[in-house]
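Analysis of the macromolecular model
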Amino acid sequence: MAILPRYQRIGLKTRQPQQMDFAAAREQAKLGQNISQQLDRMSDFAFKKGADQAELRGQERVREEGALPTLEALQQAGGPTTIAERAASDAANRIAVVEVESLAKQDMQNLVREADKNNMSMTAFEGSMADIRDGYAASLDVVDPVAAGVLAARLSNSSMTYQGRYADIASRKAVAAAAARVSEIVSVDSQVILDSATVPGATRESLELAGQKLLEDQLTLGVKEKNARKVVDSVLQQAIRQNRLYLFDNAADVEQKQKLLNEYAENPLPGYTYEQNRSFTGSLESNLNAEVRKAQGSALDDLNNAMVVLGATGSPPPGYEFDYEKIFGIFPEDQAVLYEDAWLDANDDVLNRGALADMPPSRAVEISEGLAAEIATSEDPSKAIKRLADWNESVANRNDALDKDAALFVAQTNEGVGGAFEAIQETIAAGNIDLASKMLLNVREILLVDYDILQVPTSKQNIMPKQFAGQMVNVIQSIETDVASETFNLIRNRLEDYAPQFIQELRAQGLRPEYVQAMYSTNAAVQKELLDISGRDIKEIKVGLESTVPNDTKTALNLLLEDYRQGYLAGGGSAAEAVFNEQYAVMEKLALTRIKEQGLDPSTAAEGVVQDIVAEFDQVVLSKQGKYVVPMEFNVQTIEDNASMFLNEKVLNRLDIAPLDSAQYPGFVDEPVTIASLASTGIWLNNSTGDGLTLHFNVNGVELPVLTSVGSEYEVKFSEMSRILSETQEAIRSELLVVEPDIIERAVSGAAALAMGSREARSQLEGLETELTNVELNDPTYQYVKDYIGSVSSAQALSFKLQEVVDRGFKKDPTKSVWENLKAQLIQTYERK
Amino acid sequence: MAAIGAMMATGGAQMAMGAFSAMGQLAAGSAQKRQYAQQARQAEIQGRSQAIAYKQKGADALRNLNETLAAIISRGAAGGIDPTSGSAATLQQYAMGEGVREFNIAADNAVMALGQASTQAGIYQSAGKAAQLSSFVSAAGTLGQSAYRYGQLQ
């Protein structure tokens, strides 16, 4: 049988699924992871950012709320939970520790200082330090125990440091205190020895005994022997030196001192070198010599002073006696004899010459000349020269004192006057102005007599010593405003004619300008106004006024015061200018006050004020012969006429007028030329005090004061002008009788004829003028006539001139009737014409 | 060196370096995507290759079948056996069954190989996209980090 093949498999099997590479899933997973990672990163960023901000918020909170409050708040909230709170907690902890530690250290430092200052005991200090340390640590323990622990450790270190420091301080103090105690004991004991060296009975032996005791005391106190001995030696060295000085200074006399010096030279100071001992004794010798010189100087000063006082007052100073024993003790005998002679001479001189205090200048000159003459005949010319020099110096000193303060000089040299001023002061202090014024007038009488004797220039004749016047200023200015007017009037009335000078003397010593004017014023209302404004400043018064008012007021015042100013300033120089400026300032203040308070216009106010303050503003003379202001109590015309009549050669010849300085003005070399110049161009000006006139040359427009023979300005008080003129004319008239009266008649007739138009009269008068010129003219009448002849240009003028002659010069003249007839004749002739 | 260090520490340098890093990450993502694309193509090629091999196997099975059938018929005829009946017919049926089964297996395997390759290629394409997307995310993260650092250093 055939074998049939069977189908043989090729072995093909169903394919098994191959392992897939799930890359997508893997990548998806990676993508997921990546996304997750990136989101994590972003989340981290955001978180870190948020954490940072939270930290900042936490720190900000600490800054705003403070460390401890923040910690306490967190503690109360159960501790920090958020990042911000943790950050706040961390920051607050750090800051709190530092803050608390700083406070604690501050307290520790304060404690050290306080303890140092109060010398606190170490135990007390440690207790206080522990309180600070524990207290501060405990304060933080509540909020942060960890921080509190750190703080406690730090504070413990600090407290140890400060304890150590204070221990050093306390130790140093204790050492210093102990040293100071020893030093003090030694110092006190040493001082006792030094003090005992300068008491009576102290000797070198007693001092050395005390020194031994000091040494033992020091050794007991624990001082090293070497140092203790050094101290004792030093103390004894000083003490013995002091003792010697003491003994020397308290020696009874120069001889005793010399004896001590010898002893010291033989027995040198212990512990001193030869040079030091030599210097010590040399110093004592110098002291001895200086003492002798000082005693000599003192005795000589006393003697000189006594001789000056003796010469000035006629008696030695109270209590002075020439101590013969002393003088001969301290001066060599020849010198002592000289001083004795000088004293005896001074006494003789006083007996022979009188006291310088009431000696007229002429007598002083006479004595001076006598002493000068003695030089030639004296056996001892040098002594005579000295006597002359001493005398001249005494006179110069007196004149200087009179020039500075004449009243003071008299008060010092005249016991009565000095006592009177003291009595016046007491009376014023008692408030009795009335009596004080009377007393002042009495003193014035005495002073004027003295001034007359001493020939003190009028301008220097102050009645009150300047210091006294200064006290019066204080009294015046302290018077209550309400009663001031009454008091001022009382003073002015009681002082009578001295009142103006009294006010000027006060003004010179600083009386306020308003008070000065108030004292011159008699109007109580004006006085009160002046006193009221005396304390006010003009700037204050101007406040509230329109800006033009001050200038308008000044303009109005200037207009009113123009003539017054010219006349016032012409004679007084800087003093008058000062017074005028004061018056002006017061008037300006018063005017502005009235404008402000009374609503016046500037013109009206100025007029009222000028009337009230310088009523004499229109009593002014401005002429060729004078520029001056006349006080209200005098008639301006009378004064002008009198002043004019002074400028007559006959009158001028009788006045005490010195020729102008020939060196500067050779043209005025002699008296006739000077008088002629004054008669033609002389000019009167106010004196510096406004109560009189001073005569001046007018040299080429320059006004030069006329001086008297004693060198003062020639001055005539208004009050004395008539008297002086009358006396002078009286004297002239007394000589008139010796002259042919018919000359006058001829002169007047001729003048009248000339005035009437007579052609021959001129030649007749010229002949008469020549005749008069050749005659020795001692009578001002002739000069008048001569002057009138030369100056008359009309009958009317002649009439007036003759009227003056009759009215002024010859009222008391026995020949008055002659003049009256002449005048009548002349007037009739003139009237006929 | 200190100057370079200081310059590197500035915010601008941080920002620039972050940008460069992001760009690198993007480039890496693109490269990986390209790699996956190539792997996908390779997988497809490999699948087709395997399918061809499986088709060859199916042809081999059919040839083996033909040879078996021919032998049965030829030998039965030679042996006087009716090739259409009896054992010859059975053997032929058997051979037909086995041969066809193997052929079908080969055909199924080829289909499977192609399908599997296609699936793998699809996976690789998806992986490439995912990788690129991942690089975008990384780059974004890097840029974000750089911006943060820049902000911190300003």
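Before reading further, recall that the structure is shown in the block above.
Quick caveat: nothing in here was measured; it's all calculated off a predicted structure.

Let's shift gears to the overall build of chain B. Helices and strands together make up the secondary structure of chain B, namely three helices and zero strands. In chain B, the succession of α and β elements from N to C terminus is α-α-α. Long-range contacts, defined as pairs at least 24 residues apart, comprise 85% of the intrachain contacts of chain B with a sequence gap of at least 6. For chain B, the computed accessible surface area is about 8200 Å², with 62% contributed by carbon and sulfur atoms.

Now for the nonpolar core. All names here are of chain A. Counting 75 residues, the largest nonpolar core has F502 and L506 as the members making the most contacts within it. With 16 residues, helix α22 (residues 549–598) is the single largest residue contributor to this core. If sequence neighbours within four positions are ignored, F502 has contacts with L440, M464, M472, I491, L495 and M519. In terms of nonpolar packing, the next biggest core, distinct from the first, is built from 29 residues, V630, F646, L693 and I724 among them.

Our next topic: the packing of aromatic side chains. Scanning the model with the defined rule gives 16 aromatic pairs over all chains in all. An angle of 65 degrees between the planes, with centres 5.8 Å apart, marks the rings of Y498 of chain A and F502 of chain A as edge-to-face. Judged by its relative accessible area of 0%, Y498 of chain A is buried. The buried category is assigned to F502 of chain A, whose relative accessible area is 1%. Consider the rings of Y568 of chain A and F580 of chain A, whose centres lie 6.5 Å apart with planes at 40 degrees: the pair is tilted. Both residues of the pair, Y568 of chain A and F580 of chain A, count as buried. One aromatic cluster is present, formed by Y320, F322, Y324 and W343 of chain A through successive ring pairs. Here the guanidinium or amino end of R6 of chain A rests over the ring plane of Y94 of chain B, the centre of that ring lying 5.0 Å away.

Residues and elements named next belong to chain A. Estimated volume of the second largest pocket: approximately 1200 Å³. As for the second largest pocket, its lining consists of 41 residues, and the residues nearest its centre are N304, M307, V308, A346 and D390. Breaking the lining of the second largest pocket down by element, the ones donating at least two residues are α9 (274–313), α11 (333–353) and α13 (381–413). Within the lining of the second largest pocket, the residues separate by chemical class into 18 nonpolar, 11 polar and 12 charged.

Take unusual backbone geometry next. All names here are of chain A. Phi at N119 is positive, roughly 55 degrees, even though this residue is not glycine. Among the secondary structure elements, N119 is positioned in the loop between α3 (83–118) and α4 (122–141). Given a relative accessible area of 54%, N119 falls into the exposed group.

With that out of the way, let us pick up the interface of chain B and chain A. At the interface, 50 residues of chain B touch 35 residues of chain A. Between chain B and chain A lies a buried interface of about 3700 Å² when both sides are counted; carbon and sulfur atoms form 58% of it. One can count one salt bridge joining chain B with chain A. The closest approach of N and O atoms between E98 of chain B and R9 of chain A, which form a salt bridge, is 2.4 Å. Counting every contact that joins chain B to chain A gives 20 residue pairs in polar contact (both at pLDDT 80 or more). Every element with two or more residues in the side of chain B that touches chain A is listed here: α2 (11–78) and α3 (86–153) of chain B.

Residue and element names in this part refer to chain A. By the bridge criterion, four bridges tie strand β1 (residues 620–623) to strand β2 (residues 626–629) in an arrangement that is antiparallel. Directly across from V621, in β2, lies its bridge partner Y628. Hairpin connection from β1 to β2: two residues lie between these consecutive antiparallel strands. As paired elements, β2 and strand β3 (residues 683–686) share two bridges and run parallel to each other. Each bridged residue has a counterpart across the sheet, and for K627 the counterpart in β3 is L685.

Reading guide: rules and limits
Residues numbered from 1 in each chain as written. Chains lettered and ligands numbered in written order. Predicted model: local features only at pLDDT ≥ 70, side-chain atom pairs only at ≥ 80, totals over all residues. Heavy atoms only, no water. Helix = DSSP H or I, 4+ residues; strand = E, 2+ residues; numbered from the N terminus. Contact = heavy atoms within 4.5 Å. Areas by Shrake-Rupley, 256 points an atom, 1.4 Å probe, with all protein chains shown as cover. Core = buried A, V, L, I, M, F, W, Y, C linked by side-chain atoms within 4.5 Å. Buried < 20%, exposed > 50% of the residue type's maximum accessible area, 1.4 Å probe, protein only. Phe/Tyr/Trp six-rings, centres within 6.5 Å; stacked < 30°, edge-to-face > 60°. Lys NZ or Arg CZ within 6 Å of the ring centre and 35° of its normal. 1 Å grid on protein atoms, 1.4 Å probe; cavity = no way out; pocket = protein on both sides within 12 Å on 5 of 7 lines; lining within 4 Å. Points joined across faces, edges and corners; volume = space filled by probe spheres on them. Nonpolar A, V, L, I, M, F, W, Y, C, P; charged D, E, K, R; others polar. Buried area = accessible area lost by both parts, 1.4 Å probe. Salt bridge = Lys/Arg side-chain N within 4 Å of Asp/Glu carboxyl O. Polar contact = N/O pair within 3.5 Å; in protein donor to acceptor, adjacent residues only side chain to side chain. Pairing = 2+ DSSP bridges.

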